[in-house]
Each structure stands twice: as C-alpha cells, then as structure tokens.
Amino acid sequence: METIIIIVFLAGYLAITLEHNLKIDKLIPALAMMAILWAMIALGVDGYENWFDSAKQGLVDGFSSMNHDGRMHLVEESLLHHLGKTAEILFFLLGAMTIVEIIDYFDGFATIKGFIKTKKKGKLLWLFSILAFILSAIIDNLTATIVLITILQKVIKDRETKLWFAGMIVITANAGGAWSPIGDVTTTMLWIANKVSAAQLVIHVLLPSLVCMLVPVLIAGRFKVFQGLIDGELDDESPKSKYGSIMLYLGLGAILFVPIFKTVTHLPPYVGMMLSLAVVATFAEIYSNKKFSISSVDGDEHSSGGHHSPVHHSLSKIELPSILFFLGILLAVAAMESLGILFNYAGSLNEAIPNTDIVVLLFGVGSAVIDNVPLVAASMGMFSEPMDNPLWHFIAYSAGTGGSMLIIGSAAGVVAMGMEKIDFFWYLKKIAWLAFVGFISGAAVFILLRDFVLHG
C-alpha cells in the first residue's frame, strides 16, 4: 500500500509541475492527491508498520500493536493537527491578501510610481530592483512583482527593454522575499511552523539575499539594453483616491506589525494578521463613507453614489485558487509525513549525500522546476533540527531564490510571464544564468557568514 501511496503522490506532483503543459490548474491535482492519499491511509490503516507524530517529531511507539480503532483515532488526530497547522498559514495569507487588495482599492500603489523621476535606464534598473527587494519583503514577492510590472508597463514602451526589466524584477523580488518571514509563502511556512524566528531569519538571510540581488543587477547594468534613456515622457500620475497614500503606508505598516505582535504575545502570526486587517479595514470603511469616486487598476469603478464596502470588494478579489492549492499540497505532504515516509527518505538522503549544504542547494535548483511550496513542506517533514538551526535559514534562502532560474520556477516568475507574455526560452537564454550566478553568490555568502562570522 505504501508503494501505491508514493506513486499517487509522485503522479500528483508531476501533474502540478506540468500545469502549463496539461492546461490544468495545479489546485486540481493538489486537492485530488490530498483526498486520495488520506482515503488510502484510512482504508489501509491496519497494514502500516510506522506512524510519525509531527508534534513530537518522531515515530509513535507501539503503533504496530494498536488495534483498528486506536489506529483510526491516531489518523483522525493527525489529520486534525495538520489541518490546524495548515489553517494557520491559510488565514495568515488571506489576511495579507485582503490588506493588499484594500490598498489597491484606494489605488495606493500608484504612490510608488511617484518615486520614478529619471529616464536613464541604468538608474531605472536600480530603482526597480531596490523597490522589488524592499516591497517583496513586506507584501510578498508575488504582489510586489504585480505592482512593479504594472508600473513598468506605464513607464517603458519598448517591448525588448520591458522584458529585460521584468526578468530582473523577478530575480530581485524573489531575493527580497527570502529574508523576510512575510516575504514569501515558503518563509512564512517555516516561520509559522516555528522553524525560524523573524529576527534570526533576517540576521542570517538578509546579506545573502542582498548579494543574490546585487550581483545580477551589477552584471546586467553593463548590458547595452540598460544603457541610454527610455522613450517618451514620464507620466506624473497620482493615486485616483486622495486616501491612496494613507492606505498604502497604513497597509504596509500593518503587515510589518505582525512579526512584532508575534514576538510580544507569542501567539501564532495569523492572530496578529487578523488584528492588522481589522485596523486597515476600519480605516477603509471610514474613508469609503466619505464621498469619493475612484477607478481601480483593473478598471472597476467604485462609485460615490452610496456606500460601497471596500472590505467586501477586496475579499471578492482574493485569489482563492492559491489558497486551495496550499490546502491540498500541505495536507498531501502531511499524509506522506504521517506514514514516516519523509522521515525515512531524509535518512536515506543523508546517507547518500552526507553534506546537508549540497542537499539544500539541490532543493534550491529543484525549486526552479518543482513548486517550492511542496519542496519546503517536504523538508519540514524530513528534518527534525531545532528552531533557528542554520539548516532552516539555508532552506528559506534556497527555496526563495532558486526559483528565479526558470520563469515557471516561482510565483513571481509565473505572474510576470502572464503579464508580459515572456517566452520560456527567452528567459532561459537571457535571464536564467544571471539568476544562477546570484543564487550561488548568495549561497556562498550564507555559508561564509554561518561558518566564520556568526558561529566562529
């Protein structure tokens, strides 16, 4: 039965990886795989030798001697435990997504365009790269990429130049998301699972991520495409709502407040995110009661003729397919973890490759091909190192930045591909090697920092 379960898992994994070829949204195989795996566990529960207790990070003693009812009780308890842990991530993401949509409702991101005052391509490259690095650490790399490519489309008209800028935004946004507990789904997963703390993650991963961003930008800055001036005039655009700037800074501040709330209260991050959402939503409702009319980025008109709830509108814009995908993939990985399969695989992997740095680097390279969410979820089930062990920081760095090597290797890359119609092979030829050089440079800095600076 375990062999069949592994085959089902690998088949689902393959379907997720080949999402673009199969033209099937990855949430479908993720949900199907999750349901089938847990059904197979329940139906064949009497035939398993081991059961892994995630709470105690070890195999359950005496599992093989338990009767059917005892084993089913353990299955139900484990499923409930994993659902609770997954729900923490999902509600955190729902809160963050809603805050971002509320900012967008008030056209707050147009404020960022006001920072662009130059027509020099070289300066614009640095400006977009720095904005991507900082923004992605606050509002996550996916949202930062959407915001900056939307601005890019208004600033640069030449298609080839735009493609190069979009490629560099993907690299720098992924680098920026890796060092922040709220910057990437994978770092958020590690943070919520108490594998890393916010402060230690920043201390260990900020400098490697910075190098991962700087090296490609320094190299690309010498290319002809980033020399000279852009065509056309810069539009002096301000937010369509007079509350746009206020809501932008309030929303970003509210998201940044979440790690502070967790540090002070020791409560799960989603509690702080719900509080932040409540504060931002309160101001949004107050401002929407004052008469104004704005047009959002997607063209929807928010009329001043009567009250229109910005919270309801923002909740309707949430990307639920992503939430359902995370639900499916995390519970599917949990099924593999519960049977002790990941635990045993980690032991085999450590025997085959004794150097964990090489294993983590392979994770990073693999995340360019395979979605980094299931990779990190699997690593959490494979390794039992304590909180803030350098291994977790290295996994956060590798999974966050390694996906830049292929356009389909990260959420930021996929959204850039859709917004700018970037060709897979164009990116592979022009941008992939820059991403690889940045990834390896940052990894070298991480190892150096870990072995010779922070740990003597």
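Scope of this entry: the structure provided in the associated data block. A quick note: this is a predicted structure, and the numbers were derived from the prediction, not measured.

## What to know about helix α9 (residues 185-192)
Because an α-helix packs 3.6 residues into every turn, residues spaced three or four apart end up facing the same way. Among the 8 residues of α9, 7 are classified as buried, and the element is accordingly described as predominantly covered. If you check which residues of α9 are buried, you get T186, T187, T188, M189, L190, W191 and I192. Looking one or two places after α9, you find N194, whose phi comes out positive at around 60°.

## Concerning unusual backbone geometry
Here D140, not a glycine, exhibits a phi torsion of approximately 80°, which is positive. Examined against the element boundaries, D140 turns out to sit in the loop between α6 (121-139) and α7 (141-155). Of note, the phi angle at K421 is positive, near 55°, even though the residue is not glycine. Here K421 is to be found in the loop between α19 (411-420) and α20 (424-430).

## Some points on the packing of aromatic side chains
Describing an aromatic ring pair means giving the distance of the ring centres and the angle of the ring planes. All chains considered together, the criterion is met by 18 aromatic pairs. With a centroid separation of 5.2 Å and an interplanar angle of 70°, the aromatic rings of Y105 and F106 are classed as edge-to-face. Of the two residues, Y105 and F106, both sit in the buried class. Each ring, one from F383 and one from W392, has its centre 6.5 Å from the other, and the planes form 80°; the classification is edge-to-face. Taken together, F128, W164, F165, F223, F226, W426 and W433 form an aromatic cluster joined through their ring pairs. Above the plane of the ring of F325 lies K26, whose end atom (NZ or CZ) is 4.5 Å from the centre.

## Focus: empty space enclosed by the protein
Applying the stated criterion across every chain, the model contains 1 cavity of 30 Å³ or more. In this model, the largest cavity occupies a volume close to 40 Å³. Breaking the lining of the largest cavity down by element, the ones donating at least two residues are α17 (372-382) and α18 (390-402). Within the lining of the largest cavity, the residues separate by chemical class into 5 nonpolar, 2 polar and no charged.

## Some details on the side chain of T86
Inspection of the secondary structure puts T86 in helix α4 (residues 68-105). Exposure remark for T86: the relative accessible area of 5% places this residue in the buried category. Looking at T86, its side chain comes within polar contact range of the main-chain oxygen of H82, at 2.8 Å. Ignoring sequence-local partners within four residues, the contact set of T86 consists of F326, L327, L330 and L331.

How each quantity is defined
Within every chain, residues take consecutive numbers counted from 1 along the sequence as written. This being a predicted model, a pLDDT of at least 70 is required before a residue's local features are given, and a value of 80 or more before pairs of side-chain atoms are given or counted; all residues contribute to the totals for chains, interfaces and linings. Calculation of side-chain values draws on the structure's entire complement of heavy atoms; hydrogens and water are dropped beforehand. Residue burial is assigned from relative accessible area. The probe radius is 1.4 Å, only protein chains are included, and a residue is buried under 20% of its type maximum, exposed over 50%, and partly exposed in between. Each helix corresponds to a stretch of at least 4 residues labelled H or I by DSSP, and each strand to a stretch of at least 2 residues labelled E; elements are numbered beginning at the N terminus. Pairing of aromatic side chains requires ring centres within 6.5 Å, counting the rings of Phe and Tyr and the six-membered ring of Trp. Pairs whose planes differ by under 30 degrees are stacked, by over 60 edge-to-face, and all others tilted. Counted as over-ring charges are cases with an Arg CZ or a Lys NZ within 6 Å of the ring centre that also lie within 35 degrees of the ring normal. A cavity here means a set of points on a 1 Å grid, drawn over the protein atoms and nothing else, where a 1.4 Å probe fits but cannot get out; a pocket is an open set with protein on both sides within 12 Å along at least five of seven lines, and a residue lines either one if it has an atom within 4 Å of a point. Grid points are joined across faces, edges and corners, and a volume is the space filled by probe spheres set on the points. For this classification, the nonpolar set comprises Ala, Val, Leu, Ile, Met, Phe, Trp, Tyr, Cys and Pro, the charged set comprises Asp, Glu, Lys and Arg, and every other residue, Gly included, is treated as polar. Any N or O atom pair separated by 3.5 Å or less is treated as a polar contact, with the protein-specific requirement of one donor-capable and one acceptor-capable atom, and with residues adjacent in sequence counted only for side-chain atom pairs. Pairs of residues are marked as contacts when any of their non-hydrogen atoms sit within 4.5 Å.

Purely geometric numbers; function is a separate question.
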